[in-house]
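Coordinates in review
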Amino acid sequence: MSGSEDFAANLASRHARGDRWRLMFMLSTMLAIVFLGALILTIVDDAFGYVVMVDEVDQRSLVPDGQRLEGAGAETLRAIIDEGLSPRRYRALEREKPFDERSGADLYDIVLYEIVKPQVAETYTLFESLFERKRIVEETTRAHPDGELIFRSWASMRFLSTSLTARPLTTGVLTAVKGSLLTISITILFSFPIGIAAAIWLEEYASDSRLNRFIQVNIYNLAGVPSIIYGMLGLAIFVRGLEGFTSGSAFGASAAGEVANGRTVLSAGLTLALLILPVIIINAQEAIRAVSGSLRQSSLAVGATKWQTIWHHVLPASFDRILTGAVLAVSRAIGETAPLVVVGASTFLTQDPSGVFSKFTTLPIQIYQWTSRPQAEFRHVAAAAIIVLLALMLSLNAFAIITRNRLRKQKRFG
Amino acid sequence: MKPVQTAMYPEETRGVLSFGKRSRPHENIIQAVLVFCAAVSILTTLGIIVVLGTESSAFFREVSLREFLTGRSWQPSIGEFGILPLVNATLMTSLAAMLVALPLGLGVAVYLAEYASERVRETLKPILEVLSGVPTVVYGYFALTVVTPALRNLFGQDSIEVYNTLSAGLVMGVLILPLVSSMCEDALSAVPRSLREAAYAMGATKLETSVMIIVPAAFSGIAAAFILGLSRAVGETMIVALAAGAGPKLTLNPLKAAETMTGHIVRISGGDISYDSMDYRSLFAIALVLFVTTLALNMVSRSIVKKYREVYE
């Protein structure tokens, strides 16, 4: 029969096509994972590597023969400062803190950054540093004979514990980390209670009326609104509308010499709280819905009121899930950049944010600032800041997982 | 035997026992607080509408709607407010993103739903979720420092600008990929088993079953995923702000720099901007267009999802 011959002849090619496409489907999955790997590798690649340092003024010309600047005494350093610093800069630094009161390390920093002025002439990535060391050494000796080749870890403990400065070599993320933590605390403080309360009402109390259905649909729609729109909302309402409240002037708490005019940690935190509120509500609703009805009924049957049932039975039984959902939302808020730029994050802060009424910057904002600079050094600084940001998000998630497991152990019923 | 007639409750002997509803003021207070918290979401929506509405209406008193929607140049300094260049750039980056996200996302979904074993699925899905958890500013950094140089090596340094919509769009596609793939997978898994079994019984191969039976059956779900992904791409900000370029330009060339709606809002509001200026108000007019577009896309997507759920359940 020719029909079955056709079938048999076709079968092989049909199976071959099946295998080909199966491979394609697998490849597209692999591609997504490869991208994630490339993303992480790039960040690590940029966060470490060789730099070529060139001093604007030769260190050896400053100190007497045979001595090194690093070990020089305070008198030597003072002499160098008296001689090398311009009178105007000298007065400015003297006003900041008199030279007589400064420590040796402090004086050394001034000599280094005000007079010697080390500059980064060239930077290399980690992979170049590991595999092309010979080429780097050759290039350096040819292009920068005075230069010094050192392996620099852009992400370091010093980077983590230093405040923001204008120079890529000395800058740190402490200001941004403090800003991020303060902002996120405000966000958690407002969004957790309101979000969980709203979820309880929608799941346990709300009847199936038109108004309640509208509230539910509205929450789904809010979850899809682009984050930058929340930024505009925060700008108009928290920064401008409630300026007296968010700048702290209503409480007489204006920071000395700082006019933040509503562009404060408080405004940023509240904006992010509104942003993640729909996500928290939706997640908490799912958690509450997963609690079995028999638990509620048995509680009501022994005479508990509705609220007693919710507080003593429904919430403890669902709290681990509620927490997981809420933490997911918060880690989204930590990485959020656009709404905070709109609300008015400061591009440069000379003082670390100290309270809710301070001007603010956050880690993603700094990453954005540094990435958009043209100089290569800032690219490495941005990579280091990304590592700090990802570490912060990871530790938050780890904390949530540990807490959740602990809560699960205490749980009386599943 | 005589039944024992003793009072169970002390109230009973006093004659004040009632099984009627007792008034519990604190329960009512708690309920009122809960209602208020649920109302915060309504207030947020109202806030968005009022804020965008009032600032935009002040803007539209000076610029006609027609000029705004059809003008081909956006230069606030000389009073030209035509949104077309911004919309055009947004469409270009979003379409580039969807060209990456839809085929890849559908491929991933078919693989996970039809081919992968339970164990592989359980390991791969969290990895994909990590992709959507990475902050968008990190994607922007990646687009600018890796993808753009790679594209410039590929197409030649001169033919492609440092800031271009292609690079931003491609990276945005990867950002949206997990969303599209998980929605597509939900749609594929919702197709009843009987359809698969019927196809196998007719002698179809796995590929033929997947592509000719399951995917068409889940088409509405896939369409919903596409629309929601598009809405996410339109509203995405940091990638385009970093990699697509500054300065609104009307160009159809994806290798050139152009500024999207979101990119423009971020750049202008990040600088020093005085309230009550046309610059400031124009941002709200752009935001209004953005809000209406994404809201419409989200609603269409949700109504499609609702419809196909009803068909199969």
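Residues numbered from 1 in each chain as written. Chains lettered and ligands numbered in written order. Predicted model: local features only at pLDDT ≥ 70, side-chain atom pairs only at ≥ 80, totals over all residues. Heavy atoms only, no water.

Brief notes about the overall build of chain A
As a reminder, the rule being used: By the criteria applied, helices consist of DSSP H or I runs no shorter than four residues and strands consist of E runs no shorter than two, each listed in order from the N terminus. Radius of gyration here is computed from C-alpha atoms only, and the compact-globule reference equals 2.2 Å multiplied by the residue count raised to the power 0.38. A 1.4 Å probe rolled over the protein chains alone gives each residue an accessible area, and that area as a share of the maximum for its type sets the label: buried under 20%, exposed over 50%, partly exposed in between. Just so you know, the count uses Lys and Arg for positive and Asp and Glu for negative, and it drops His and the chain ends. We put the charge of a Lys on NZ, of an Arg on CZ, of an Asp on CG and of a Glu on CD.
Helices and strands together make up the secondary structure of chain A, namely 18 helices and three strands. The C-alpha radius of gyration computed for chain A amounts to 30 Å, which surpasses the reference 22 Å derived for 414 residues by more than 25%, pointing to a less compact arrangement than a globule. For chain A, with 414 residues in total, the buried portion stands at 47%. Taking the average place of the 40 positive charges on the side chains of chain A and the average place of its 37 negative ones, the gap between the two points comes to 12 Å.

Description of the sheet that holds strand E2 (residues 118-123) of chain A
Note on sheets: strands pair through backbone hydrogen bonds, and any given pair is parallel or antiparallel. All names here are of chain A. The line we're drawing: Any two strands with at least two DSSP-identified bridges between them are counted as paired. Orientation is described by lines fitted to C-alpha atoms, with helices fitted over the stretch in contact, and by angles between N-to-C directions that extend from 0 to 180 degrees.
The three strands lie next to each other as E2-E1-E3, forming an open sheet whose pairing is antiparallel. In the strand order of this sheet, the two ends are held by E2 and strand E3 (148-153), each with one partner. Across the sheet, the axes of successive neighbouring strands diverge by a mean angle of 45°, strand direction being ignored. Judged from the five bridges that link them, strand E1 (residues 48-55) and E2 form a sheet pairing that is antiparallel.

Some words on the domain arrangement of chain A
Residues and elements named next belong to chain A. Counted only if it meets this: Note that the domain bounds reflect an automated or database-derived domain assignment. By definition in these notes, contact holds between two residues if any of their heavy atoms fall within 4.5 Å. The term buried area means the drop in 1.4 Å probe accessible area that two parts suffer when joined, counted for both and summed. One speaks of a salt bridge when a side-chain nitrogen belonging to Lys or Arg is within 4 Å of a carboxyl oxygen belonging to Asp or Glu. In protein, a polar contact means a hydrogen-donor-capable atom and an acceptor-capable atom, both N or O and within 3.5 Å, with residues adjacent in sequence counting only if both atoms are side-chain atoms; elsewhere, any N or O pair within 3.5 Å suffices. Polar here means any residue other than Ala, Val, Leu, Ile, Met, Phe, Trp, Tyr, Cys and Pro, which are nonpolar, and Asp, Glu, Lys and Arg, which are charged; Gly is therefore polar.
Partitioning chain A into structural domains gives domain 1 (49-154) and domain 2 (174-410). Each side of the interface is counted separately: domain 1 has five residues, and domain 2 has six residues. Taken together, the two surfaces of domain 1 and domain 2 that pack against each other cover about 460 Å², and 72% of this comes from carbon and sulfur. Our count for the domain 1 to domain 2 interface comes out at zero salt bridges. Scanning the region where domain 1 abuts domain 2 turns up one residue pair in polar contact (both at pLDDT 80 or more). For the side of domain 1 that touches domain 2, the residue count by class is three nonpolar, two polar and no charged.

Here's the deal with the pattern of salt bridges
All names here are of chain A. Counted by the stated rule, this structure contains 16 salt bridges over all chains. Put simply, Asp 46 and Arg 379 hold a salt bridge, and the shortest N to O gap is 2.9 Å. In this pair, Asp 46 is assigned in helix H1 (residues 2-47) and Arg 379 in helix H18 (residues 376-410), connecting sequence segments 333 residues apart. A residue is classified by how much of its surface remains accessible, and Asp 46, at 2% relative accessible area, is buried. Judged by its relative accessible area of 29%, Arg 379 is partly exposed. Residues Arg 135 and Glu 128 are paired through a salt bridge, measuring 3.8 Å at the closest nitrogen-oxygen approach. Classification of Arg 135 as partly exposed rests on a relative accessible area of 32%. Among the charged side chains, a salt-bridge network with shared partners connects Glu 128, Glu 132, Arg 135 and Glu 139.

Regarding the packing of helix H6 (residues 136-155) of chain B against helix H7 (residues 165-189) of chain B
Residue and element names in this part refer to chain B. Note the threshold: With respect to orientation, any angle under 35 degrees is reported as roughly parallel, any angle over 145 as roughly antiparallel, any angle of 65 to 115 as roughly perpendicular, and every other angle as oblique. What makes a crossing left-handed is the near helix being turned counterclockwise from the far one by less than a right angle; a clockwise turn instead makes it right-handed.
For the pair H6 and H7, the least separation of the axes is 8 Å and the interaxial angle reads 130°. The angle between H6 and H7 places the two elements in the oblique class. Considering the relative orientation of H6 and H7, their crossing is right-handed. Counting all contacts with H6, which are made through Thr 136, Tyr 139, Phe 142, Ala 143, Val 147, Thr 148, Leu 151 and Phe 155, the residues of H7 involved are Leu 166, Ser 167, Leu 170, Val 171, Val 174 and Leu 175. Residue classes in the contact of H6 with H7 are distributed as eleven nonpolar, three polar and no charged.

So, the interface of chain B and chain A
Listed per partner, the contact involves 73 residues of chain B and 71 residues of chain A. Across the chain B to chain A interface the summed buried area is about 6500 Å²; carbon plus sulfur atoms make up 76%. Viewed at the interface, chain A and chain B are joined by two salt bridges. Linking Arg 240 of chain A and Glu 55 of chain B is a salt bridge whose minimum nitrogen-to-oxygen distance equals 3.7 Å.

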